[in-house]
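A look at the structure
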Amino acid sequence: MIDIENEVFSTVATQVRASFPKIYMVGEFVKSPSQFPCVSLVEVDNQVYRNTRSSSEIENHAQLMYEVQVFTNDTKGKKAKCKEIIGAVDNEMKKLGFTRTLLTPIPNEEDATIYRMVGRYRAIVDKDSTIYRR
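First, a word on scope: everything that follows refers to the structure included in this document. These figures come from a predicted structure and were not determined experimentally. (Residues numbered from 1 in each chain as written. Predicted model: local features only at pLDDT ≥ 70, side-chain atom pairs only at ≥ 80, totals over all residues. Heavy atoms only, no water.)

1. Details of the pairing of strand E2 (residues 38-48)
Both faces of the sheet carry side chains from a regular strand, because those side chains alternate between them. For strand E1 (residues 24-26) and E2, the ladder comprises 3 bridges, and the chain directions are parallel. For Val 26, the partnering residue across the bridge sits in E2 and is Ser 40. Bridge count between E2 and strand E3 (residues 61-72): 10 bridges; the pairing is antiparallel. If you follow Asp 45 over to E3, its bridge partner there is Met 65. (Pairing = 2+ DSSP bridges. Helix = DSSP H or I, 4+ residues; strand = E, 2+ residues; numbered from the N terminus.)

2. Some thoughts on helix H1 (residues 5-19)
With 15 residues, H1 extends 22 Å between its outermost C-alpha atoms, agreeing within 8% with the 21 Å of an ideal straight helix rising 1.5 Å per residue. Within the sequence span of H1, burial applies to Val 8, Phe 9, Val 12, Ala 13 and Val 16. Down the axis of H1, the buried set is contained in an arc of 115°. They therefore lie on one face. Along H1, exposed side chains directed more than 90 degrees from the buried face belong to Asn 6, Thr 14 and Ala 18. Structurally, H1 contributes buried residues whose contacts are with E1, E2, E3 and helix H2 (78-96). (Expected span 1.5 Å × (residues − 1). Buried < 20%, exposed > 50% of the residue type's maximum accessible area, 1.4 Å probe, protein only. Arc of directions from axis to C-beta. Contact = heavy atoms within 4.5 Å.)

3. A closer look at the packing of H1 against H2
Running from amino to carboxyl end, H1 crosses H2 at an angle of 135°, the nearest separation of the two axes being 9 Å. As judged from the angle between their axes, H1 and H2 are oblique. Regarding H1 and H2, the two cross each other, and that crossing is right-handed. Residues Val 8, Thr 11, Val 12, Gln 15 and Val 16 of H1 pack against Ala 88, Val 89, Glu 92, Met 93 and Leu 96 of H2. Residues that form the contact of H1 with H2 fall into these classes: 7 nonpolar, 2 polar and 1 charged. (Axes fitted to C-alpha atoms, helices over the stretch in contact; angles between N-to-C directions. Parallel < 35°, antiparallel > 145°, perpendicular 65-115°, else oblique. Left-handed = near helix turned anticlockwise from the far one by under 90°. Nonpolar A, V, L, I, M, F, W, Y, C, P; charged D, E, K, R; others polar.)

4. Thoughts on the environment of Leu 102
Checked against the element boundaries, Leu 102 lands in strand E4 (residues 99-105). Residue Leu 102 is classed as partly exposed on the basis of its relative accessible area, which comes to 28%. Between the C-alpha atom of Leu 102 and that of Arg 120, which follows or precedes it by 18 residues, the distance is 5.0 Å. In this structure, Leu 102 is in contact with Val 118, Gly 119 and Arg 120, ignoring residues within four places of it in sequence.

5. Concerning the pattern of salt bridges
As enumerated under the stated definition, the model contains 4 salt bridges in all. With a closest N to O distance of 3.3 Å, Lys 95 and Glu 92 form a salt bridge. You can see Lys 95 and its partner Glu 92 sitting in helix H2, 3 residues apart, about one turn around the helix. Residue Lys 95 is classed as exposed on the basis of its relative accessible area, which comes to 57%. (Salt bridge = Lys/Arg side-chain N within 4 Å of Asp/Glu carboxyl O.)

6. Let's talk about the packing of aromatic side chains
Taken as a whole and judged by the stated rule, the model has 1 aromatic pair. Residues Tyr 66 and Phe 98 carry aromatic rings whose centres are separated by 5.3 Å and whose planes lie at 85° to one another, so their mutual orientation is edge-to-face. Placement of the pair is Tyr 66 in strand E3 and Phe 98 in the loop between H2 and E4, with a sequence separation of 32 residues. For the pair shown, Tyr 66 and Phe 98 are each scored as buried. (Phe/Tyr/Trp six-rings, centres within 6.5 Å; stacked < 30°, edge-to-face > 60°.)

As structure tokens, then:
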């Protein structure tokens with residue numbers, strides 16, 4: 001299996017933390033964050049790219065999908081802050097070679113005082129960890 005999740009998370013987290021030093025970043029799903037602002041960046045799909053599979057079923061490329069969720073709860077400007085943070089994540093994902101396929105606000109059912117946005121990104125990666133835009 002081709003697995004670059006740790007590298008993607010580390011790269012994005014390092015850059016986002018440089019811009020937002022107090023941000024809480026996690027590499028797993030968060031239903032209700034314990035700290036704010038919070039970014040969850042998770043690989044939600046990793047499937048063999050069948051078009052480049054060898055005749056002996058060797059995986060040469062994988063099609064990946066990452067999901068990012070940003071949570072803010074500022075009294076004023078939480079929407080603007082959320083967009084600013086997800087913009088920083090988006091910029092890093094594009095630099096890595098991912099294509100954004102979704103970016104939308106989502107009502108936070110746990111607590112209506114929290115503003116939440118979700119983004120999804122896709123790319124194809126080869127067994128040498130080279131990322132290709134889809």
